[in-house]
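# Working through the structure, step by step
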Amino acid sequence: PIDEKSLPFKNVVYEYSLAKALTDGKYVKNPAIATRKNFKTQGLSDKEIEIIKLEDAISIHEDTKNELEIFARNNNVAIVKPFVLVVCRDINHAKDIFAYISSSQFFKGVFEGKVLQIDSSTRNEEDIERQFITLENPDNKIEIVIHVNMLKEGWDVTNLYTIVPLRAANAAVLVEQTIGRGLRLPFNGQRTGEDKIDKLTVVAHENFEKVIEAAQDPNSILNKLTYIEISEDELKSTATVVKSASKLEYEIRNDEEKIAGIKDIHQKQKAQTTLDAK
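Residues numbered from 1 in each chain as written. Predicted model: local features only at pLDDT ≥ 70, side-chain atom pairs only at ≥ 80, totals over all residues. Heavy atoms only, no water.

### A look at the side chain of histidine 147
Residue placement: histidine 147 occurs in strand β4 (residues 144-147). Histidine 147 has contacts with Leu85, Val86, Val87, Cys88 and Ile118, leaving out every residue within four places of it along the chain. (Helix = DSSP H or I, 4+ residues; strand = E, 2+ residues; numbered from the N terminus. Contact = heavy atoms within 4.5 Å.)

### Looking at the sheet that holds strand β5 (residues 160-165)
Spatial ordering of the open sheet is given by β3-β4-β2-β5-β6-β1-β7, a layout of 7 strands whose pairing is parallel. Of all the strands in the sheet, just β3 (115-118) and β7 (226-230) have a single pairing partner and so form its edges. Each strand of the sheet is rotated relative to its neighbour by a mean of 25°, with strand direction disregarded. Pairing geometry for strand β1 (residues 30-36) and strand β6 (residues 199-203), over 5 bridges, is parallel. The residue of β6 that forms the bridge with isoleucine 33 is valine 202. (Pairing = 2+ DSSP bridges. Axes fitted to C-alpha atoms, helices over the stretch in contact; angles between N-to-C directions.)

### Remarks on the layout of surface pockets
The method is simple in principle: a probe with the dimensions of a water molecule rolls over the atoms, and the space it marks as empty is what remains. When its volume is computed, the largest pocket comes out at roughly 680 Å³. Lining the largest pocket we find 26 residues, and of these Ser59, Ile60, Asp63, Leu235 and Ser237 sit closest to its centre. With 9 residues, helix α2 (residues 46-75) is the single largest residue contributor to the lining of the largest pocket. Partitioned by chemical class, the residues of the lining of the largest pocket number 10 nonpolar, 7 polar and 9 charged. (1 Å grid on protein atoms, 1.4 Å probe; cavity = no way out; pocket = protein on both sides within 12 Å on 5 of 7 lines; lining within 4 Å. Points joined across faces, edges and corners; volume = space filled by probe spheres on them. Nonpolar A, V, L, I, M, F, W, Y, C, P; charged D, E, K, R; others polar.)

### Thoughts on the pairing of β5
Remember that side chains alternate between the two faces of the sheet whenever the strand is regular. Of all the 6 residues making up β5, 6 are buried; the element is thus mostly covered by neighbouring parts of the structure. The pairing of strand β2 (residues 83-87) with β5 spans 5 bridges and is classified as parallel. Of the residues in β5, the one forming a bridge with leucine 85 is isoleucine 163. Pairing of β5 with β6 involves 2 bridges; the strand directions are parallel. Looking at the pairing, isoleucine 163 lines up with valine 202 of β6. (Buried < 20%, exposed > 50% of the residue type's maximum accessible area, 1.4 Å probe, protein only.)

Next up, the structure:
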């Protein structure tokens, strides 16, 4: 807690910092800085690096989405819909990224209508504002939010799971400022014990080493974060959540099909009575 002059208040009774919460492993997601294993920027343009980061972020996002659905179904709790936050350099950059992610070039157009650009050029549009403030609602279809320096403070949600900083002048500072947007936990503010559900991932391919270097500063929150390298094979693998029927459900369905084929009314009634009892 600090005042308008950035000085600490003198009448604080108790302070529990983010660094302490991360050390204790409680109350907030575990922020992880991620890169593709053996990632090299040589010979790649800024745009090519951005595309790789965005595609890898979607792979992480889809994996997280599956894990959240499985957890919700197995524990009989409401399904949490995760989303990705993309941080752009300026409004023109944000418009370009919005157009690309919404196009058929990006995962064959599967995210068309699921992307929201929120900055000074769009903030006053009623529909965009409505979608923005209902991001935690499972009926909200937005899966990717693109912004330009608007969400550094005063905004956080429980279902932000992946952050992609693009073309950051100072990646370490941006990571410090941005992670707070996605640290809140969705399930009553408690960690679940499931790594992928308790984790906020920041995709920082080309800045991975710089952020690790900045993390050596004992005063930086970065030294409390986890640093991970994900293999290309792992990023490219896809999975679908399937709800399987139990053996008994399968048997009953089989019996129903057999009963439907019985011609004799009395035999059919007798078989149906047996099935009802079963």
